[in-house]
Amino acid sequence: MIKVNLTGCNSFVKEAEYKNYLGKALEAYDVLSSEKGAGNDFLGWKTLPVDVDEDIISGCEAVRDDWKARGVDLVIVVGIGGSYLGARCAIEALSHSFVHPAGVPKVVFAGNNLSEDYLAELMDLAAQSNTACVVISKSGTTTEPAVAFRIVKEHIEKTYGKQEASARIVAVTDAARGALKTLSTQEGYRTFVVPDNVGGRFSVLTPVGLLPICLAGFDIRAMLKGAADEREALLQRGEDNAAVQYAAMRNLLHSEYGKAVEILVTYSPKLVYLAEWWKQLYGESEGKDGKGIFPASVTNTADLHSMGQFIQEGSRVMFESVIKVEKATREVVIGSDEQNLDCLNYLAGQRVEHCNAMAQLGVRVAHIDGGVPQIELGIEKIDEFWLGAIFYFFEFACGVSAYVLGVNPFNQPGVEAYKKNMFALLRKPGYEAQTEEILKRI
C-alpha cells in the first residue's frame, strides 16, 4: 500500500534519535488504537472503509441516476472546509483536465468563501444550466455555506418550482437536529447523515465526500476498497508501519531540528487539491496549544520556478513530504524535430513522464544537498483506489502524529474566534454588545 521512503532524511538525523521517535509514535499508535486518547468521541472515521452501509452507496447512486433522468448537467456542492475539500480533491484528481464527458454533470463548489463576484458568476452558470444542489452542513447555520445555499435554493425554486426543487436539492447533515435537518424535513429533501463521531476534516469517506464524487461519475466502491486495504495494512503494529514511520520522522525533524514547516510536494497538477485537503487535515488537527508543524504545499515542476529558490536557499525551517506517483495513466511521447532549434532531440522517443520522474529525482538531490530533509510517500497511480488509500493513510497518520505532538487531533477550538468577531461586525442578534469593542481594534 502507501510506501514511505525515509532515506532522504538519513543525512539529517541520527539513527538513535529516529528509534526514539519510533517508540514515541508506537505509543501514540497504541493510544489511537485503544480509543482512549483525547477526542476519542470522534474516531468513527477509523472503520468507515469497512462500515459504510450498502444503503449509503446505493443511495448515492440513486441520486446520480435520478438527476441524470432529469437532465441535470450542473451540480452545485455547497460546503466549507471538510465539507468540500475531500470531494473536490477526488474530483479534480480524477477528472480530465480539459474535456468534460458527455452525460455527466459538471460538479462545482460554493459556500467556501464570501466573494460576491464568485457567487454572481456561479449564478450566471446556473442560469444557463440544468441545475441541482448538494448542501453539506451539520448545523445549516455556518455563515459561508448558509449564504450560498440561500442564494442557490432561491434560484432552483424560482426556476423549477417548489415541488421540483425538493427533488433537486439533497442535504448531507445531522441525523436529528439543526437548521438544515429541520428545513430538509419541511421541504422533503432527500438526506444523508454526517455521523456524529466523524469530524468534518475526516469525513471524505462519508456521504460528505462520497455523494459528490459519485455524482461526478467516479467509482466510490473502488475508493472505499482502497481505503479498506490501507486500513488493513495500518492495523499491523510495528516499526515498519507506514503511518508510524511518517509520524515519527516528521515529529523528530520538528522537535529536535526545528523544522517548523512541512511542504507537501506533488508533481501532478491533478493533486493540487489533495494538498489543500491535507493542509486542512493537519493544520486543524495539530495547530493548537502553541504547537504544530505548519502545512504548506507546492506543485512541481511549476513551483520550482517560483518557490524553488526559497526551498533551495531560503531559511532552513522546512522539510518536504513528496507524493511519488509510480505510473501515469496516459502516455505522451516526445517526437524528433529536423531543425532541433529547441535542442530537445536528445529526448526524442522518451515519454514526458520520464522527464517528470527525472526532474523529481534531480530536485530530491538538490534539495537534500541544500539542507531540506525529504520524505517520500509512494502511490501506484492516480485513481479511485489509490485516492482512497492515501485519504485513509493521511487520516490515520495524522491521529498518530498529533498524539506524539501532545495535542487533541479531533477538535478545532481556534476556528471560532474569527466567527465571533465577524458576527459582531455584521451585528448578528446576540453579538451587538461586542461590535464597538471590535471596531476599536481594527
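Everything below is about the structure printed above this text.
The paragraphs below set out a description of the structure included in this document.

Calculation notes
- Residues numbered from 1 in each chain as written.
- Predicted model: local features only at pLDDT ≥ 70, side-chain atom pairs only at ≥ 80, totals over all residues.
- Heavy atoms only, no water.
- Buried < 20%, exposed > 50% of the residue type's maximum accessible area, 1.4 Å probe, protein only.
- Helix = DSSP H or I, 4+ residues; strand = E, 2+ residues; numbered from the N terminus.
- Arc of directions from axis to C-beta.
- Contact = heavy atoms within 4.5 Å.
- Axes fitted to C-alpha atoms, helices over the stretch in contact; angles between N-to-C directions.
- Left-handed = near helix turned anticlockwise from the far one by under 90°.
- Nonpolar A, V, L, I, M, F, W, Y, C, P; charged D, E, K, R; others polar.
- Patch = residues over 30% accessible without salt bridge, like charges linked within 9 Å, V, L, I, M, F, W, Y side chains within 5 Å.
- Areas by Shrake-Rupley, 256 points an atom, 1.4 Å probe, with all protein chains shown as cover.
- Salt bridge = Lys/Arg side-chain N within 4 Å of Asp/Glu carboxyl O.
- Parallel < 35°, antiparallel > 145°, perpendicular 65-115°, else oblique.
- Lys, Arg positive; Asp, Glu negative; His and termini not counted.
- Charge placed at Lys NZ, Arg CZ, Asp CG, Glu CD.
- Pairing = 2+ DSSP bridges.

### Thoughts on helix α8 (residues 179-187)
For an α-helix, the turn length of 3.6 residues means that residues three or four places apart are oriented alike.
Part 1: Among the residues making up α8, those that are buried are Leu180, Leu183 and Ser184. Mapping the buried residues of α8 onto a view down its axis gives an arc of 100°, with all of them on the same face. The exposed residues of α8 that point more than 90 degrees off its buried face are Thr185 and Gln186.
Part 2: On its buried face, α8 is in contact with β4 (131-136), α6 (143-160), β5 (169-173) and β6 (190-193).
Part 3: Gly188 sits one or two residues past α8 and shows a positive phi near 80°.

### Quick notes on the packing of helix α4 (residues 85-94) against helix α15 (residues 384-405)
Part 1: The interhelical angle for the contact between α4 and α15, taken along N-to-C directions, is 145°, at an axis separation of 11 Å. Regarding α4 and α15, the two cross each other, and that crossing is right-handed. Residues Gly86, Cys89, Ala90, Ala93 and Leu94 of α4 form the contact with α15, whose own contacting residues are Glu384, Leu387 and Phe391.
Part 2: Here the contact of α4 with α15 is built from residues that sort into six nonpolar, one polar and one charged.

### Some remarks on a nonpolar patch on the surface
Part 1: Among the surface-exposed residues, Leu114, Val147 and Ile151 lie close enough to one another that they form a single nonpolar patch of about 210 Å² accessible area.
Part 2: Position of Val147 among the secondary structure elements: in helix α6.
Part 3: You can call Val147 partly exposed: its relative accessible area is 34%.

### A few points about the packing of helix α5 (residues 116-127) against α6
Part 1: Running from amino to carboxyl end, α5 crosses α6 at an angle of 25°, the nearest separation of the two axes being 11 Å. Between α5 and α6, the crossing angle belongs to the class labelled roughly parallel. Between α5 and α6 lies a crossing whose hand is right-handed. Counted together, Leu119, Met123, Ala126 and Ala127 of α5 and Val147, Ala148, Ile151, Val152 and His155 of α6 form the full contact between these two elements.
Part 2: Taken together, the residues of the contact of α5 with α6 break down into eight nonpolar, one polar and no charged.

### A short note on a negative patch on the surface
Part 1: Residues Glu116, Asp117, Glu121 and Asp124 make up a contiguous surface patch of negative charge.
Part 2: In this fold, Asp117 is placed in helix α5.
Part 3: Exposure remark for Asp117: the relative accessible area of 57% places this residue in the exposed category.

### So, the side chain of Lys288
Part 1: Tracing the backbone through its elements, the reader meets Lys288 in the loop between α12 (272-286) and β8 (294-299).
Part 2: Buried charge Lys288 goes without a salt bridge, the closest partner of opposite sign being Asp289 at 7.2 Å.
Part 3: Not counting residues within four places of it along the chain, the set of residues in contact with Lys288 comprises Arg201, Val407, Asn408, Pro409, Phe410, Asn411 and Gln412.

### Digging into the sheet that holds β4
Part 1: The strand order across the open sheet formed by five strands is β3-β2-β4-β5-β6, and the pairing between neighbours is parallel. Whereas interior strands pair on both sides, the edge strands pair on one side only; in this sheet they are β3 (106-110) and β6. Sheet twist, expressed as the average angle between the axes of neighbouring strands with direction ignored, equals 20°.
Part 2: Inspection of the sheet shows β5 paired to β6 by four bridges, in the parallel sense. Looking at β6, one finds that Val172 is bridged to Phe192.
Part 3: Along the sheet, helix α3 (residues 54-69) contacts β2 (74-78), β4, β5 and β6; its crossing angle with β6, the most-contacted strand, is approximately 150°.

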